[in-house]
Amino acid sequence: MKPYIEERAVMVANFIINSNATVRETAKMFGISKSTVHKDVTERLLKFNPNLANEAKRILEINKSERHIRGGLATKEKYLNITTINQDKRQDF
């Protein structure tokens, strides 16, 4: 494995651990794909730093188990905003 890939895998894992970031947030932060983040943490990092890999993977599993809740909250927020906009439009008439 190339040294820059190992270095990136460590940086990705540390970011996830320090910020409790999701795969999507991490991918955006590092400018890589979600699948690369996942592969870095679950496969590549496991080969040379299993303790760090397991800690990052634990956080990703927690985030994965909570994603349906975050999705529901995002949908709720979206419709609350739409309702507010519609009420504002009605008051303009």
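Thresholds applied
Residues numbered from 1 in each chain as written. Predicted model: local features only at pLDDT ≥ 70, side-chain atom pairs only at ≥ 80, totals over all residues. Heavy atoms only, no water. Helix = DSSP H or I, 4+ residues; strand = E, 2+ residues; numbered from the N terminus. Buried < 20%, exposed > 50% of the residue type's maximum accessible area, 1.4 Å probe, protein only. Areas by Shrake-Rupley, 256 points an atom, 1.4 Å probe, with all protein chains shown as cover. Salt bridge = Lys/Arg side-chain N within 4 Å of Asp/Glu carboxyl O. Phe/Tyr/Trp six-rings, centres within 6.5 Å; stacked < 30°, edge-to-face > 60°. pLDDT = per-residue confidence, 0-100. Core = buried A, V, L, I, M, F, W, Y, C linked by side-chain atoms within 4.5 Å. Contact = heavy atoms within 4.5 Å.

A tally of regular secondary structure across the chain gives four helices and zero strands. Of the regular secondary structure in the chain, the N- to C-terminal order runs α-α-α-α. Looking at the chain as a whole, 23% of its 93 residues qualify as buried. Only carbon and sulfur atoms are counted for the fraction: they give 53% of the accessible area of the chain, which is about 6,900 Å².

Moving on to the pattern of salt bridges. What the rule picks out here adds up to four salt bridges. Salt-bridge contacts for arginine 44 lead to aspartate 40; the nearest nitrogen and oxygen are separated by 2.6 Å. With a gap of four residues between them, arginine 44 and aspartate 40 both fall in helix α3 (residues 34-48), about one helical turn apart.

Overall, the coordinates contain one aromatic pair when judged by the stated rule. Ring geometry for phenylalanine 15 against phenylalanine 30: centres 5.7 Å apart, planes inclined by 80 degrees, an arrangement best described as edge-to-face. With a gap of 15 residues between them, phenylalanine 15 in helix α1 (residues 3-19) and phenylalanine 30 in helix α2 (residues 23-30) connect regions that are remote in the sequence. Of the residues examined, phenylalanine 30 reaches a relative accessible area of 27% and is grouped as partly exposed.

In this model, the chain carries an average pLDDT of 87, and 88% of its residues clear a pLDDT of 70 or more. For the chain, helix α4 (residues 50-92) is the element with the lowest average pLDDT, namely 80, and α2 is the one with the highest, namely 96.

By size, the foremost hydrophobic cluster in this structure holds 13 residues, and its most contacted members are Val12, Ala13, Ile16, Val37, Val41, Leu45 and Ala56. Within the residue set of this core, elements represented by two or more residues are α1, α3 and α4. Per-element tally for this core: the top contributor is α4, with five residues. Each residue touching isoleucine 16, except ones within four places of it in the same chain, is listed here: Ala21, Thr26, Val37, Val41, Ala56, Ile59 and Leu60.

Mapped onto the secondary structure, glutamate 61 falls in helix α4. Linking glutamate 61 and threonine 22, residues 39 residues apart in sequence, is a C-alpha distance of 9.5 Å.

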